[in-house]
Structure formats: C-alpha cells, structure tokens
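# An overview of the molecular structure
Given next are the chains, with one letter for each unit.
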Amino acid sequence: MFQADVLKDKVIIITGGGTGLGRAMGERFLELGAKLAITSRNLARLEQSAAEMREATGGEVFAVPCDVRDAAQVEQMIEQIWQHYGTVDVLVNNAAGNFAAPTERLSTRAVDAVLGIVLHGTFYCTLALGKKWIAEKRGGTMLNLLATYAWTGSAYVVPSAAAKAGVMALTQSLAVEWAKYGIRMNGIAPGPFPTAGAQQGLTLGGDFSQFVVDRNPLKRVGQLRELANLATYLISDYSAYINGEVVVIDGGEWLAGAGEFSMLDKLSDEDWDKLEAQARSRK
Ligand code: HXC
Ligand code: NAP
C-alpha cells in the first residue's frame, strides 16, 4: 500500500515505543524509511526492543528513558533526541497507564497514576516539542493514541476515559491553534488490539479475544499491523489536509454497542420470520 520511502529520513518519537502498539508502529515506520526514537520508563526493555527492531529492519533506533509524568524528564528527553538526530519531525503520544477497577476502589494515587501518564504526559510531550518547533520556525506532525471511550466514557476505566477525553480536546484544540506554525495534530481511537499491557490490566485471564469476538461486528480483535498502517498514513504527507481528526479503528465495535437494535444480530431465521409476521400483523 505504501511506497517504501514514504517516511524516508523522518525522525519520529514514540512514547511507550518499546511495547505493544508503540513497538508495532515503530517497526512499520522503520520499514518505510524513518529514523526512530523510543522512550518509556523501563530502559532495559526499551534497549532490548530497540536492538530487536534494528535487527528486524536495519533502521536506526535511539532509546531514551523518560517518565512522561515528569515535565523536567520530558524536556530532557526531547532535547536529547533533538541533539542525537539534529531534528524531530513527528511525535506519537502513545504511552499510557490503565487498569480496570470499580471506581470506588480507587485511591487518589491510582487516579493520579493514570491521569499523570495519559493526560499530563501527553500534554508535557506535546508542549516541550511544540515550543521547540515554534522557536525553530519549523512544523511537524503529532499523533495521539486515544480510545473509543473518549466519546462515550466507559464504566470501570474511568480515569483512563477522563484522560483520553482530555487528550481528544487537546488534539482538536491545538490542531486549530498551532496550524499557523505548520503543526498538524490527529488521533487514533483503537478498539481492542491484543497487547500484553492492555489485556493483562483489563481482562480476567488476560485475553481480549474471548469477550470481544462476541460483540464485535467483524468477530475479531484488531491486528497490530492494521493500526500501524493507519498511523503511517496519518503521520505521512499523504494526510497533509487532515488536521484535528480522531480516526476510529475498531471493526465497528463502538457503533455496535451504541446501536439500539444491534442485539437483533442474535435472532435466528425462524425468529425473523416470527418478528416479520408480528410486525406485518399490525395492519
Ligand atoms: C486499583 C491500582 C491498580 C488496580 C495500581 N493501583 N493498580 N488500584 N486497581 N489494578 C494503584 C496502586 O495501588 C497505587 O495506589 C497507584 O495505583 C499507583 O500504582 P503504582 O503501581 O505505584 O504506579 P505505577 O508504577 O506508576 O504504575 C502505573 C500503572 C501500571 C498504571 C498502575 O499499570 C502501569 O505502569 N501501566 C503501564 C502499562 C499499561 O497500563 N498499559 C495499558 C494500556 S491500554 P496506592 O494508593 O496504593 O499508592 C489502554 C487502553 C485499552 O490504555 C483500551 C482497550 C479497548
Ligand atoms: P502497552 O504495551 O502497555 O503500552 C504502554 C506503554 O506506555 C509501555 O511501553 C510503557 O512502558 C509506557 N509507559 C507507561 N507509563 C509510562 C510513563 N510514566 N512514562 C513513559 N512511558 C510510560 O499498551 P498498548 O496496548 O500498546 O497501548 C498503547 C496505546 O494505545 C495507549 O495509549 C493505549 O491507551 C492505546 N490503546 C490501546 C488499546 C489496545 O487494545 N491495546 C485500545 C485502545 C487504546 P514502560 O512501562 O517502560 O514505561
């Protein structure tokens, strides 16, 4: 689908880039010519991922430790990557923390942990790089990872839902405010993609496929490559006129959950015959 050089020499930072969706996006970007910087808290895991990604793609990967909840560490991380590559073209705000819990069980520290990573962390990274781009009089592209419950909210992941809704507001707001500086900002709202981080924190048994297959119109979870291809499009120059948009990639799952009559999917042909007869008999 993509020309092999579609991201040639673009310097891309991915927060949380050593695992899950961050790593899948990173590998795809490398295959398409990008130079990558990945950042998160666990340096050993980051460096191992960086080595495997270099090995798999032959691309350049720079691993920098950073806790995105700490604004000073974020500024240092952006500076270190800028110095290393001489510039930065793209930021993917992907790092997140999340777990399922009844909200009344949460301590304030638990709330802070999730809001700190998702909302504040995204904001700090966006601000640090945005200021640099503006000062250097050059533009760039940002891509934020949301979730479909940014619109709907969701029981049992309330700090994450509140944080993702905040990130959506940030995306839409800055897409307008910073367009004059040549900065473009979009989001992706994924449905269920089977990563260890998401599944272990959110499902009993650590496997999305069981509960998702039943309620997803496409009867499957997403493939990491599918998300990585969407991300590639949204950071590439091919999407140059898309700004402030959040693209859902979930097989139609949230629409199925919202649709008043989605449950009729469960009716048999016999049930449909009965319902048709009943409906026609109204005359
Ligand atoms: C209730 C919990 C908890 C749980 C932690 N806490 N886990 N409370 N239920 N399951 C509480 C702790 O007791 C503590 O409060 C506070 O939260 C902070 O916990 P720490 O372990 O000290 O925090 P920290 O080391 O910073 O870890 C952050 C984390 C952790 C979010 C808790 O899970 C993490 O690092 N996650 C990173 C990976 C991740 O979450 N990936 C999932 C992304 S999926 P007290 O008061 O006891 O001190 C996603 C969307 C998926 O975002 C959507 C699918 C469709
Ligand atoms: P994941 O593998 O657990 O990724 C989370 C990443 O964030 C990890 O690499 C983690 O690395 C990093 N991180 C956590 N706290 C951090 C901090 N304080 N500072 C810096 N980095 C931190 O989960 P994933 O499924 O790939 O999720 C990726 C993104 O997609 C998230 O934004 C998530 O909300 C979103 N999403 C995922 C799904 C899904 O089904 N998988 C669905 C909807 C949305 P360290 O532990 O090394 O810090």
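In this report, we go over the structure that sits alongside the text. Not measured: the values here are computed from a predicted model.

Further remarks concern the packing of helix 3 (residues 71–85) against helix 4 (residues 108–135). Running from N to C, helix 3 and helix 4 cross one another at 45 degrees; their axes reach a closest spacing of 9 Å. If you check the angle between helix 3 and helix 4, you find them oblique. Seen along the crossing, helix 3 lies across helix 4 with a hand that is right-handed. Residues Ala71, Val74, Glu75, Met77, Ile78, Glu79 and Trp82 of helix 3 touch helix 4, and the partners they reach there are Tyr124, Cys125, Ala128, Leu129, Lys132 and Trp133. In the contact of helix 3 with helix 4, the residues fall into 10 nonpolar, no polar and 3 charged.

Attention now moves to the site of ligand 2. Looking at ligand 2, there are 28 residues lining it, with Thr19, Ser40, Arg41, Lys164 and Thr195 nearest. At the level of secondary structure, the elements contributing two or more residues to the shell around ligand 2 comprise helix 1 (20–31) and helix 7 (196–202). Classifying every residue of the shell around ligand 2 gives 14 nonpolar, 9 polar and 5 charged.

What follows covers the packing of aromatic side chains. For the structure on display, the rule yields 2 aromatic pairs. Seen in terms of ring centroids, Phe62 and Tyr85 are 6.4 Å apart; in terms of plane orientation they differ by 90 degrees. Their pairing is edge-to-face. Separated by 23 residues along the polypeptide, Phe62 in strand 3 (residues 61–65) and Tyr85 in helix 3 bring together distant segments of the chain. On the basis of relative accessible area, Phe62 is assigned to the buried category, the value being 17%. Geometrically, the ring pair formed by Trp151 and Trp254 is stacked, given 5.9 Å between the ring centres and 5 degrees between the ring planes. You can see Trp151 sitting in helix 5 (residues 149–152) and its partner Trp254 sitting in helix 10 (residues 253–258), a full 103 residues away along the chain. Trp254 sits in the partly exposed class, given a relative accessible area of 28%. We note Lys132 situated over the ring of Trp82; from NZ or CZ to the ring centre the distance is 4.9 Å.

In the vicinity of ligand 1, 16 residues are found, and the nearest of them are Arg41, Arg69, Asn98, Ser107 and Arg109. Measuring from an oxygen atom of ligand 1, one finds a side-chain N or O atom of Arg41 at 2.8 Å. Expressed as a share of its isolated accessible area of 1100 Å², the protein-covered part of ligand 1 is 59%. Within the residue set of the shell around ligand 1, elements represented by two or more residues are helix 4 and helix 7. Taken together, the residues that form the shell around ligand 1 break down as 9 nonpolar, 4 polar and 3 charged.

This brings us to the sheet that holds strand 6 (residues 183–190). Pairing between sheet strands relies on hydrogen bonds along the backbone, with the strands arranged either parallel or antiparallel. Ordered in space as 3-2-1-4-5-6-7, the 7 strands form an open sheet in which the pairing is parallel. The sheet is open, and its two edges are formed by strand 3 and strand 7 (246–249), each paired on a single side. On average, each strand axis in the sheet is tilted by 20 degrees relative to the strand beside it, whichever way the strands run. When strand 6 meets strand 7, the two strands line up parallel, connected through 4 bridges. Following the sheet pairing, Ala189 is matched in strand 7 by Val248. Against the sheet, helix 4 contacts strand 1 (11–15), strand 4 (90–93), strand 5 (140–145) and strand 6, and its axis sits at roughly 170 degrees relative to strand 4. Where helix 6 (residues 158–177) meets the sheet, its contacts fall on strand 5, strand 6 and strand 7, and the angle it forms with strand 6 comes to roughly 150 degrees.

Calculation rules
- Residues numbered from 1 in each chain as written.
- Chains lettered and ligands numbered in written order.
- Predicted model: local features only at pLDDT ≥ 70, side-chain atom pairs only at ≥ 80, totals over all residues.
- Heavy atoms only, no water.
- Axes fitted to C-alpha atoms, helices over the stretch in contact; angles between N-to-C directions.
- Helix = DSSP H or I, 4+ residues; strand = E, 2+ residues; numbered from the N terminus.
- Parallel < 35°, antiparallel > 145°, perpendicular 65-115°, else oblique.
- Left-handed = near helix turned anticlockwise from the far one by under 90°.
- Contact = heavy atoms within 4.5 Å.
- Nonpolar A, V, L, I, M, F, W, Y, C, P; charged D, E, K, R; others polar.
- Near = heavy atom within 4 Å.
- Phe/Tyr/Trp six-rings, centres within 6.5 Å; stacked < 30°, edge-to-face > 60°.
- Buried < 20%, exposed > 50% of the residue type's maximum accessible area, 1.4 Å probe, protein only.
- Lys NZ or Arg CZ within 6 Å of the ring centre and 35° of its normal.
- Polar contact = N/O pair within 3.5 Å; in protein donor to acceptor, adjacent residues only side chain to side chain.
- Areas by Shrake-Rupley, 256 points an atom, 1.4 Å probe, with all protein chains shown as cover.
- Pairing = 2+ DSSP bridges.

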